[in-house]
Amino acid sequence: ELRVRERFLVRLNEITASILGAEKMEEIYQKLPPSLAELLGADDCYLTRWDPMLNQPISIGASGASTRTCLEIKFDSDEANLSRAALEAGHAIGVENAETSPLMNPRVLAQYSCKSILGIPLIVGNHRLGAALIAYKNHHVFDSDEIRLAEQAGNLVALALWDIQQDIELER
């Protein structure tokens, strides 16, 4: 277990370093989803950015074959979605049966082949950046250790994203 945790932390540090070393946000949006999916042993990862003016998430990145479909999804401000739920809760939310969960949008879920999904909020201080949605094609039971590690990854990724966003803003 100690070696598994060590590998997790080494890989998480590599992911964080790649975010901080990126020159454009688009580069991050392309590389981060597959890295997070791999880190957390998932099939796919979808990234959303929170738009406070529209009060809804905006799809910005995905891993796997569903990348293009993901980026075309538009949310309505009153629709149920896991990004909003995780951001409002301020902690990761595991959805073991995505097809029956009130947190999942059936219209959006129809685009994907996931049975279980973990919503990880990306928050720095009181800034809601978005969420990482970690998807599993087969039924998955989330244990407390797995959720704790996912939250740890989300916190570090959010901090790195916030840092690079601030750097980009300063350069403008």
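Structural notes, computed from the coordinates.

Criteria and thresholds
Residues numbered from 1 in each chain as written. Predicted model: local features only at pLDDT ≥ 70, side-chain atom pairs only at ≥ 80, totals over all residues. Heavy atoms only, no water. Buried < 20%, exposed > 50% of the residue type's maximum accessible area, 1.4 Å probe, protein only. Helix = DSSP H or I, 4+ residues; strand = E, 2+ residues; numbered from the N terminus. Polar contact = N/O pair within 3.5 Å; in protein donor to acceptor, adjacent residues only side chain to side chain. Axes fitted to C-alpha atoms, helices over the stretch in contact; angles between N-to-C directions. Parallel < 35°, antiparallel > 145°, perpendicular 65-115°, else oblique. Left-handed = near helix turned anticlockwise from the far one by under 90°. Contact = heavy atoms within 4.5 Å. Nonpolar A, V, L, I, M, F, W, Y, C, P; charged D, E, K, R; others polar. Patch = residues over 30% accessible without salt bridge, like charges linked within 9 Å, V, L, I, M, F, W, Y side chains within 5 Å. Areas by Shrake-Rupley, 256 points an atom, 1.4 Å probe, with all protein chains shown as cover. Salt bridge = Lys/Arg side-chain N within 4 Å of Asp/Glu carboxyl O. Lys, Arg positive; Asp, Glu negative; His and termini not counted. Charge placed at Lys NZ, Arg CZ, Asp CG, Glu CD. Pairing = 2+ DSSP bridges. Expected span 1.5 Å × (residues − 1). Arc of directions from axis to C-beta.

Digging into helix H4 (residues 82-89)
Side chains three or four residues apart in an α-helix point the same way, a direct result of the helix having 3.6 residues per turn. Among the eight residues of H4, six are classified as buried, and the element is accordingly described as predominantly covered. The N-cap residue of H4 is Asn81: its side-chain oxygen and the backbone nitrogen of Ser83 are 3.3 Å apart. Once H4 finishes, Gly90 follows within two positions and takes phi at roughly 80°, a positive value.

Topic: the packing of helix H1 (residues 2-20) against helix H6 (residues 144-171)
Direction vectors running N to C along H1 and H6 enclose 20°, while the axes themselves pass 9 Å from each other. Our classification of the angle between H1 and H6 gives roughly parallel. As for the relative orientation of H1 and H6, their crossing is right-handed in sense. Of the residues in H6, those in contact with Arg5, Phe8, Leu9, Leu12, Asn13, Ile15, Thr16, Ile19 and Leu20 of H1 are Arg148, Leu149, Gln152, Ala153, Leu156, Val157, Ala160, Leu161, Asp163 and Ile164. Here the contact of H1 with H6 is built from residues that sort into 13 nonpolar, three polar and three charged.

Things to note about a negative patch on the surface
On the surface, Glu23, Asp163, Asp167 and Glu171 cluster together to form a negatively charged patch. With respect to the helices and strands, the residue Asp163 is situated in helix H6. Accessibility expressed as a relative area gives 37% for Asp163, which makes it partly exposed.

Side note on the environment of Gln56
Mapped onto the secondary structure, Gln56 falls in strand S2 (residues 56-62). Using a relative accessible area of 13% as the deciding quantity, one classes Gln56 as buried. Separated by 80 residues in sequence, Gln56 and Tyr136 place their C-alpha atoms 23 Å apart.

Section: the sheet that holds S2
If you trace the five strands from one edge of the open sheet to the other, you get S2-S1-S5-S4-S3, paired in antiparallel fashion. With partners counted over all chains shown, the strands left at the sheet margins are S2 and strand S3 (93-95), one partner each. Within the sheet, the average angular offset between the axes of one strand and its neighbour, ignoring direction, is 25°. Pairing analysis gives six bridges linking strand S1 (residues 44-51) to strand S5 (residues 127-136), with the strands arranged antiparallel. Bridging across to S5, Arg49 finds its partner in Gly130.

A few points about the pattern of salt bridges
This model, assessed by the stated rule, comprises five salt bridges. A salt bridge links Lys31 to Glu27; the nearest nitrogen and oxygen atoms lie 3.4 Å apart. Placement of the pair is Lys31 and Glu27 together in helix H2 (residues 25-39), with a separation of four residues, close to one helical turn. Residue classification places Lys31 among the partly exposed residues on the basis of a relative accessible area of 47%. Each member of the salt-bridge network shares a partner with another, and the members are Arg11, Glu14 and Glu38.

Looking at H1
In this model H1 runs 27 Å from its N-terminal to its C-terminal C-alpha over 19 residues, within 8% of the 27 Å that 1.5 Å per residue would give. If you check which residues of H1 are buried, you get Phe8, Leu12, Ile15, Thr16 and Ile19. The arc enclosing the buried residues of H1, seen along the axis, measures out at 95°, which places them on a common side. Residues Leu2, Arg3 and Arg7 are exposed on H1 and point more than 90 degrees away from its buried face.

A look at unusual backbone geometry
Here the phi dihedral of Asn55 falls at roughly 55°; this positive angle occurs in a residue that is not glycine. Relative to the elements of secondary structure, Asn55 occurs in the loop between S1 and S2. Using a relative accessible area of 39% as the deciding quantity, one classes Asn55 as partly exposed.

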